[in-house]
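# Chain and residue survey
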Amino acid sequence: MLQGWVIFIASVAYLGLLFAIAFWGDKRADQGRSVINNPYIYALSMAVFCTSWTFYGSVGRAATSGLDFLPIYLGPTLVLVLWPYVLEKMVRISAENRITSIADFIASRYGKSLYLGGLVTVIAIFGILPYIALQLKAVSTSFTVLIQYPEIVMPRNLGRVPLFQDTAFFVALIMALFSILFGTRHIDASEHHEGMVVAIAFESVVKLAAFLAVGLYVTFGLYDGFQDLFAQGGAVPHISQLTHHFGTGGYAQWSTLMVLSMFAIICLPRQFQVAVVENVNPAHVRKAAWLFPLYLILINVFVLPIAVGGLLQFPDRNVDADTFVLTVAMANASEGLALFAYIGGLSAATGMLIVATIALSTMFCNDLVVPVLLRLRWFQARFTGDLTAFLLFVRRSAILFVLILAYTYMRLIGESYALVTIGLVSFAAAAQFAPALLGGIFWKGGTKAGAMTGLILGTLVWLYTLVLPSFARSGWLPIEFIDQGPFAIEFLKPYALFGMDGVDHLSHSLFWSMLVNIGGFIWGSLLSRPSELEQLQAGEFVRKLDTPGAEPVTTWRGSASVGELREVLARFLGDGRADAALVDFARRNPVDLHPLAEAPPPLVAFAERQLAGVIGAASAQAMVATVTKGEVVSTEDLMRIIDETTQVIEYSHELEEKSRALEETTAELRAANERLKELDRMKDNFITTVGHEFRTPLTSIRAAGEILSDNPALPDAERDRFYSVVVAETQRLTRLIDQLLDLSKMEAGDLEWNMAPLDIGGVIDGAVAASSPLAQAAGVRLDTELSEGLPGVVADRDRLIQVLVNLISNAVKFCDPAVGRVRISAEAGDGVVTVSVADNGSGVAAIDRDRIFERFQQGSSGESLINKPKGTGLGLAICREIVDRFGGRIWVEAREGRGSVFRFTLPV
Amino acid sequence: MAPDPAQIPDKSPGGAPPDATGRAGRAGAFSISLFLFAALMLLPPIVTLVEGEANLFGLPVIYLYLFAIWIAVVALIYLISERFAPAPDPTLVPEDAAPDA
């Protein structure tokens, strides 16, 4: 059944189906019923990551080296874990800036630099072209192998296929046609290529189904499930070695492959194309973050079983492991499955061919051709009109050019070593974009000079440590270049740079290239000064994480007329689209579209973005600059204004802070001043009061003394009376001074306190005993009432007695003169002992209740006003000082009925 | 005709405020910890522990281990992105998908 014509017709039919699907996709899009506005299609289109290198090569790698094919798919899974930070951010940035490719992205980020875009494009073309060649070779090989059925012959034993019998040549041409048809439908490269994306998603389904079919066939058809397969494989020592160990490269290579594939999933131009440029809705990233890794798991589950099966089927090793996916079915006469596997491999190859070619041709056109042409005066003079047809022509030619170049490369280099390893070499080339790309979206400080330095250094090291030695191994350079280093300089050996030996070539290259790339990027950025436009773009790209959907900063200040802008737009978009764009803008923004009207800055920015989708950010900026008169970019002004504004805001903020602080200080000062005034007044009062208090007894003493000295003949009785007055007043004076000293000592904290646990009942009894002579003299009855089981308190016994005696004597003094009663009681509760001294005197007026505890303040009510004050006016102040010291509280209450109660508490 | 980017509505999932409590906060923290976990489990030195001749259920332990971790990581991405990140507002149909003018 597997004659040549069957295979040919099947291939043509499959490719025809692809065209039909793409056509249908575009048609649906035209009707406004987008097929690709769907996270599942988006995730499937990302599976373009799995090329024929995956389809055939993974099995080959597993059969020769072991498990180290896996990190190439584990790495992307790791990156997608970080989807909110990496992929979604890139998608948002690209949607807003109408990014058309990875070169455009990097150029845009670093100040819309023409040189950077060109550099990235050149690296991408040189890095990816061999990879495209590899796909063509896979198609060619698989066809050649299949057509030998029922024999199994390796292509290397067949000699060269003539050009026009080579399937790869026709596939290349058909793919060129496909890419031209569905990849250059729109002049705006940031538009979605709906048909192409649907076709890619379809291809992803086909290759997965084919691979799973082969896997299931091997595992459950040829063998009795996984256990059986691995048991049989395990019996063969070298197969067992493969299935139980990391690849021959060991851990270093394992880790390197993981890192490399992490970079590849975002840096390969075709991945950037499907995941970022073709993304319809950033929300799709969320679902693709787990769908795409799921796809990778599915397509990898059977790699090892197929490899083991193949090794068991062809024990004499005359069949390339790279063809196991085909040959295992062929060897067992499963013709239909073999054909399906071939179609699966074809779909894996064509998917990559289409997307990579479109991505590269867009970059080639927008980042190499257009910038160069726009700088040529003769071109400017010659092509003044509509350039859309010309641009499409450039892009289509680029597609054809890329594919033919890839095919030529494959024909020329053929079976050489260079082609076999090119998959990973391409990954390593794409990885060189990672520092500029990731650094660009996370680090505001990255500059154009840094990105340039890193890219150039990294690529040179990549070239030196991977590409040149592979040339040497293919025989185009003397092999001594590897063995002895260039010019026999030992430490420059490309596989052991500076003597770093014992690492696999890939890890070695990745280490050195990333070292100089990242180092160059960081140091170049730190040592250079970014232009204003770079700073603006850096802010735009980096802040996307914090403020998704924030409006882009407008960098243009209008000095272009609407007519001129329209003319520039029309040159690159065509008349119809240019007008439609302007009308569309005017519909949302109040703007005068008269050709002579001045274009407001948002319109200029809008026009620039429209152009950016067509010719890339760098060229778009240059083109708009040609019609905005005067200064090209007004960002310098803008930045200055921003700077000044920020400064003013900062200053006024500082001022506010300071004036608030000043107000606070003023308030504090005022309060302090009030307090000082109060204290001053109190001091004056104190002195006045003290003077008054001293004068009263002094006056009495002086009067008595004068009477005694003036009247020597005074009767004895009289004389005695005056003497006793002198003694009493002197005692009073002494007491006053003692108390004054006591109080000031207490206030200054100079007094010694003998704090000890005390039985409060005993203390009260002692105080009552000390006061009873006084009470008896005044005819007052003292009652004591102590609760049972009073807890002990900690206090200074003498001072506590002083308080009690003072309160009792006060009570005695102010008692009802007729039937004086004083009751002393103590009770426990709430963690304190409360001692009360109650009298039945005239009581204390409400307004005096706080005042009487101040120095020299005595009750104003009752007899104390009429009569001479009965005390020094310091007793209660001292009491309060002492009780405070004990940690208690003292106050006075009105007593029910008549009199007042002085209470104080002591903590237990 | 794609819309002026300035006009594209905020299509962040749920349009949550982009502060620390938003999507980047909760789901982001989970994402980063999952990334570190996956990197730890899939890179040396941890993976060296499963290398060897041992089999489990008749399959090489290293093969089982790598796929088990892989499946677990994908399942966790699913949980984080579909459960912790708020669902996008269905009313925000992207205009980009509209056909050419």
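Treat the numbers as computed from the prediction; the structure is a model and nothing was measured.

### Comments concerning the overall build of chain A
Across its full length, chain A carries 37 helices and seven strands. Per-residue burial for chain A yields a buried fraction of 56% across its 908 residues. Sequence separation of 24 or more characterises 80% of the internal contacts of chain A that already satisfy a separation of 6 or more. Taken as a whole, chain A presents about 37,500 Å² of accessible surface, with 60% of it coming from carbon and sulfur.

### A word on the overall build of chain B
Looking only at helices and strands, chain B has two helices and two strands in total. Reading chain B from its N end, one meets helices and strands in the order α-β-β-α. Considering chain B as a whole, with its 101 residues, one finds that 42% of them fall into the buried category. Taking the intrachain contacts of chain B between residues at least 6 apart in sequence as the baseline, contacts between residues at least 24 apart amount to 63%. Roughly 4,800 Å² of accessible area belongs to chain B as shown, and the carbon and sulfur atoms make up 71% of that amount.

### As for the environment of A:Ile299
All names here are of chain A. Considering the arrangement of structural elements, one finds Ile299 in helix 15 (residues 284-301). Placed 92 residues apart in sequence, Ile299 and Lys207 show a C-alpha to C-alpha distance of 8.7 Å. When near neighbours in sequence (up to four residues on either side) are disregarded, Ile299 contacts Cys50, Lys207, Leu208 and Phe211.

### A closer look at the pairing of strand 4 (residues 820-829) of chain A
All names here are of chain A. Two elements, strand 2 (residues 780-786) and strand 4, share seven bridges in a ladder whose sense is parallel. Bridge pairing links Leu782 to Val822 in strand 4. When strand 4 meets strand 5 (residues 832-839), the two strands line up antiparallel, connected through eight bridges. Residue pairing across strands places Val822 opposite Asp839, the latter belonging to strand 5. The antiparallel pairing of strand 4 with strand 5 creates a hairpin that spans two residues between the two strands, and Asp830 there sits at a positive phi of about 55 degrees.

### Quick word on unusual backbone geometry
Across the junction of B:Pro44 and B:Pro45, the peptide omega takes the value 5 degrees, indicating a cis bond. Within the secondary structure, B:Pro45 sits in the loop between helix 1 (23-42) and strand 1 (55-56). Phi angles above zero are rare outside glycine, and A:Arg98 is one such case at about 50 degrees. Among the secondary structure elements, A:Arg98 is positioned in the loop between helix 6 (87-97) and helix 7 (102-109). Taking the relative accessible area as the measure of exposure, A:Arg98 reaches 4% and is therefore buried. You will see that A:Asp830, though not glycine, has its phi angle at about 55 degrees, which is positive. Structurally, A:Asp830 is set in the loop between strand 4 and strand 5.

### A word on the confidence of the model for chain A
All names here are of chain A. Looking at chain A, pLDDT values average 83 and 91% of them are 70 or higher. Element-level pLDDT for chain A is lowest in helix 36 (residues 863-866), with a mean of 39, against a maximum mean of 93 in helix 10 (residues 194-222). Counting interchain partners and residues more than four positions distant, the pLDDT-below-50 stretch residues 547-552 has 18 contacts. Within the model, the stretch residues 861-868 combines pLDDT values under 50 with twelve contacts to residues more than four positions away or in other chains.

### Overview of the packing of helix 30 (residues 601-615) of chain A against helix 31 (residues 617-627) of chain A
Residue and element names in this part refer to chain A. Across the interface, helix 30 lies against helix 31 with an axial gap of 7 Å and an inter-helix angle of 135 degrees. As summarised for this structure, helix 30 and helix 31 are arranged oblique, according to the angle between their axes. Of the two elements, helix 30 crosses helix 31, and the hand of that crossing is right-handed. Facing Val604, Glu608, Leu611, Ala612 and Ile615 of helix 30, the residues of helix 31 in contact are Ala617, Ser619, Ala620, Gln621, Met623 and Val624. Broken down by class, the residue content of the contact of helix 30 with helix 31 amounts to eight nonpolar, two polar and one charged.

### Let's talk about the nonpolar core
All names here are of chain A. Counting 207 residues, the largest nonpolar core has Phe49, Ile132, Phe324 and Phe427 as the members making the most contacts within it. When residues are assigned to domains, this core turns out to be shared by domain 1 (4-417) and domain 2 (433-553), each giving three or more. Here Phe427 is in contact with Phe49, Trp53, Ile72, Tyr131, Leu260, Ser261, Ala264 and Leu268, once residues within four sequence places are set aside. Ranked by size, the runner-up nonpolar core spans 50 residues in total, among them Ala795, Val812, Val833 and Phe853.

### Here we look at the side chain of A:Lys112
For A:Lys112, the position within the fold is in the loop between helix 7 and helix 8 (114-147). Leaving out residues up to four positions away in the same chain, A:Lys112 has contacts with A:Ala107, A:Leu533, A:Gln537, A:Glu608, A:Ala617, A:Ala618 and A:Gln621.

### Some points on the sheet that holds strand 4 of chain A
Within a sheet, adjacent strands bond to each other through the backbone by hydrogen bonds, running parallel or antiparallel. Residues and elements named next belong to chain A. Pairing in this open sheet of five strands is mixed, and the strands run 2-4-5-7-6 from one edge to the other. Where the open sheet ends on each side, the last strands, each with one partner, are strand 2 and strand 6 (890-894). Each adjacent strand pair in this sheet contributes to an overall mean axis angle of 20 degrees, direction not counted. Alignment of strand 5 against strand 7 (residues 900-907), held across seven bridges, turns out to be antiparallel.

### Points about helix 23 (residues 434-442) of chain A
Of all the nine residues making up helix 23 of chain A, seven are buried; the element is thus mostly covered by neighbouring parts of the structure. When helix 23 of chain A is considered as a whole, its buried residues turn out to be A:Ala434, A:Pro435, A:Ala436, A:Leu437, A:Gly439, A:Gly440 and A:Ile441.

### Notes on the pattern of salt bridges
All names here are of chain A. Taken as a whole and judged by the stated rule, the model has 20 salt bridges over all chains. Between Lys677 and Glu674 there is a salt bridge, with the nearest N and O atoms lying 4.0 Å from each other. Placement of both Lys677 and Glu674 in helix 32 (residues 635-710) is noted, with a separation of three residues, approximately one turn of the helix. Of the residues examined, Glu674 reaches a relative accessible area of 45% and is grouped as partly exposed. With a shortest N-O distance of 3.6 Å, Arg732 and Glu729 are connected by a salt bridge. In this pair, Arg732 and Glu729 are both assigned in helix 33 (residues 716-748), three residues apart and thus about one turn of the helix distant. Its relative accessible area of 13% is what places Arg732 among the buried residues. Judged by relative accessible area, which is 10%, Glu729 ranks as buried. Through salt bridges with shared partners, one network takes in Arg566, Asp575 and Asp579.

### Remarks on the packing of aromatic side chains
On inspection of all chains with the given rule, the structure shows 31 aromatic pairs over all chains. Relative to A:Phe302, the ring of A:Phe226 lies with its centre 5.8 Å away and its plane at 10 degrees, an arrangement referred to as stacked. One end of the pair, A:Phe226, is in helix 11 (residues 225-235); the other, A:Phe302, is in the loop between helix 15 and helix 16 (303-313), with 76 residues separating them in the sequence. For the ring pair A:Phe230 and B:Tyr63, a centre distance of 5.3 Å and an interplane angle of 50 degrees mean the geometry is tilted. Within this pair, whereas A:Phe230 is found in helix 11, its partner B:Tyr63 is found in helix 2 (residues 61-84), the two belonging to separate chains. The exposure class assigned to A:Phe230 is buried, which follows from its relative accessible area of 5%. Classification of B:Tyr63 by relative accessible area gives buried; the value is 5%. Taken together through their ring pairs, the aromatic side chains of A:Phe49, A:Trp53, A:Tyr73, A:Tyr131, A:Phe292 and A:Phe427 make up a single cluster. When the ring centre of A:Phe722 is taken as origin, the NZ or CZ atom of A:Arg721, which lies over that ring, is 5.1 Å away.

### Here we look at a nonpolar patch on the surface
Residue and element names in this part refer to chain A. Taken together, the side chains of Ile518, Ile522, Trp523, Leu526 and Leu527 define a hydrophobic patch exposed on the protein surface, amounting to about 550 Å² of accessible area. Inspection of the secondary structure assignment puts Leu527 in helix 26 (residues 505-527). Its relative accessible area of 72% is what places Leu527 among the exposed residues.

### Focus on helix 5 (residues 71-81) of chain A
Counting buried positions along helix 5 of chain A yields eleven of eleven residues, so the element is predominantly enclosed. Among all positions in helix 5 of chain A, only A:Pro71, A:Ile72, A:Tyr73, A:Leu74, A:Gly75, A:Pro76, A:Thr77, A:Leu78, A:Val79, A:Leu80 and A:Val81 are buried.

### Some remarks on the pairing of strand 7 of chain A
All names here are of chain A. With respect to burial, strand 7 is a largely interior element, six of its eight residues being buried. Here five bridges tie strand 6 to strand 7, and the two strands are oriented antiparallel to one another. Its bridge partner lying in strand 7, Glu893 is registered against Val901.

### Considerations on the confidence of the model for chain B
All names here are of chain B. Predicted confidence across chain B gives a mean pLDDT of 68, with 58% of residues reaching 70 or more. Scored below 50 in pLDDT, residues 1-23 makes 66 contacts in the model with residues more than four places away or belonging to other chains. A low-confidence stretch, residues 89-101 (pLDDT under 50), is modelled with 29 contacts involving residues beyond four sequence positions or located in other chains.

Calculation notes
Residues numbered from 1 in each chain as written. Chains lettered and ligands numbered in written order. Predicted model: local features only at pLDDT ≥ 70, side-chain atom pairs only at ≥ 80, totals over all residues. Heavy atoms only, no water. Helix = DSSP H or I, 4+ residues; strand = E, 2+ residues; numbered from the N terminus. Buried < 20%, exposed > 50% of the residue type's maximum accessible area, 1.4 Å probe, protein only. Contact = heavy atoms within 4.5 Å. Areas by Shrake-Rupley, 256 points an atom, 1.4 Å probe, with all protein chains shown as cover. Pairing = 2+ DSSP bridges. pLDDT = per-residue confidence, 0-100. Axes fitted to C-alpha atoms, helices over the stretch in contact; angles between N-to-C directions. Parallel < 35°, antiparallel > 145°, perpendicular 65-115°, else oblique. Left-handed = near helix turned anticlockwise from the far one by under 90°. Nonpolar A, V, L, I, M, F, W, Y, C, P; charged D, E, K, R; others polar. Core = buried A, V, L, I, M, F, W, Y, C linked by side-chain atoms within 4.5 Å. Domains from an automatic or database assignment. Salt bridge = Lys/Arg side-chain N within 4 Å of Asp/Glu carboxyl O. Phe/Tyr/Trp six-rings, centres within 6.5 Å; stacked < 30°, edge-to-face > 60°. Lys NZ or Arg CZ within 6 Å of the ring centre and 35° of its normal. Patch = residues over 30% accessible without salt bridge, like charges linked within 9 Å, V, L, I, M, F, W, Y side chains within 5 Å.

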